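In case you want the letters, here they are:
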Amino acid sequence: MKLLSWRASYQVGVDLIDTEHKYLFKLINEFHDSYAAGNTHKQLLLVLNRLVAYAEEHFQHEETLMQEIGYPRLARQEGMHQKLFSSIFELNEKLSVTDAKVDAETLRFLKYWMLEHILKEDMDIGDFMRRKAAQVEKAIGESAG
Ligand SMILES: [Fe+2]
């Protein structure tokens, strides 16, 4: 069974973001599968490294997008991205340099890390873009009279 299954309710409604979220799901599921298959700690770390690198890229893409659309809560979002990034970066560090091993708690952590990011932060970006698009359309309609 997959750790994370994609649902329509996870859709932010912005193609770039949704595509990247699906890829993050894929990496987290890959990590879970690798763990379930009994792969070595080293193999698990390889997947986790990819997840950390991709998460960093994803957050950067979102921040660029938020800048482009004039998103009003950019600074707050950047702060949240930093916190979220630190938490998986630290997990990666802990698993890389200490004796800590991947366990059920690690998987639970990654699952909720992902869902929290989508459901608490990114949904609002989609809402903002739709509101903005509706305003533009209304303005065009009015000027066309
Ligand atoms: Fe995101």
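Above: the structure in question.
Below you will find a few notes about this structure. In this text the structure is predicted, and so the values were computed from the model without any measurement. Throughout, a residue's number is its position along its own chain's written sequence, starting from 1. Residue-level local features of this predicted model are given only where pLDDT is at least 70; pairs of side-chain atoms are given and counted only at 80 or more, and the full residue set underlies all totals for whole chains, interfaces and linings. In computing side-chain properties, one takes all heavy atoms of the structure into account and sets aside hydrogens as well as water.

### Structural notes on the coordination of the iron ion
In a perfect tetrahedron of four donors around a metal, the angles come out at 109.5 degrees. In a perfect octahedron of six, they are 90 or 180 degrees.
Moving on, step 1. Within the protein, the atoms that donate to the iron ion are His 21 (NE2), His 58 (NE2), Glu 62 (OE), His 117 (NE2) and Asp 122 (OD), at distances of 1.9 to 2.1 Å.
Moving on, step 2. Taken in chain order, the donor set of the iron ion reads H-x36-H-x3-E-x54-H-x4-D. Taken as a pair, His 58 in helix α2 (residues 41-68) and Asp 122 in helix α4 (residues 104-144) lie far apart in primary sequence, 64 residues in all. With respect to burial, His 58 and Asp 122 carry one shared label: buried. Coordination partners: N, O, S within 2.8 Å of the metal, 3.2 Å for Na, K and Ca; water not considered, so apparent gaps in a site are possible. Helix numbering and strand numbering both begin at the N terminus, where a helix is a DSSP run of H or I of at least 4 residues and a strand a DSSP run of E of at least 2. Three labels apply to residues, based on accessible area from a 1.4 Å probe with only protein chains included: buried if under 20% of the type maximum, exposed if over 50%, partly exposed otherwise in between.

### Observations regarding the nonpolar core
Moving on, step 1. Ranked by internal contacts, the top residues of the largest apolar core, which has 40 residues, are Ile 28, Phe 31, Leu 48, Leu 110, Trp 113 and Met 114.
Moving on, step 2. Mapped onto this core, the elements with two or more residues apiece are α1 (15-36), α2, α3 (74-97) and α4.
Moving on, step 3. It is α2 that contributes the most residues to this core, 11 residues altogether.
Moving on, step 4. Ignoring sequence-local partners within four residues, the contact set of Trp 113 consists of Ile 28, Ala 55, Phe 59, Leu 84, Ser 87 and Ile 88. Residues grouped as a nonpolar core are buried Ala, Val, Leu, Ile, Met, Phe, Trp, Tyr and Cys residues, joined through side-chain atoms within 4.5 Å. Residues count as neighbours in contact if any of their non-hydrogen atoms are within 4.5 Å of one another.

### Description of the pattern of salt bridges
Moving on, step 1. For salt bridges, the criterion is a side-chain nitrogen of Lys or Arg within 4 Å of an Asp or Glu carboxyl oxygen. Taken as a whole and judged by the stated rule, the model has five salt bridges.
Moving on, step 2. Between Arg 50 and Glu 30 there is a salt bridge, with the nearest N and O atoms lying 2.9 Å from each other. Here Glu 30 lies in helix α1 and Arg 50 lies in helix α2, a separation of 20 residues in the sequence.
Moving on, step 3. Exposure remark for Glu 30: the relative accessible area of 26% places this residue in the partly exposed category.
Moving on, step 4. Among the salt bridges present, the one from Glu 105 reaches Arg 108, with a minimum N-O distance of 3.3 Å.

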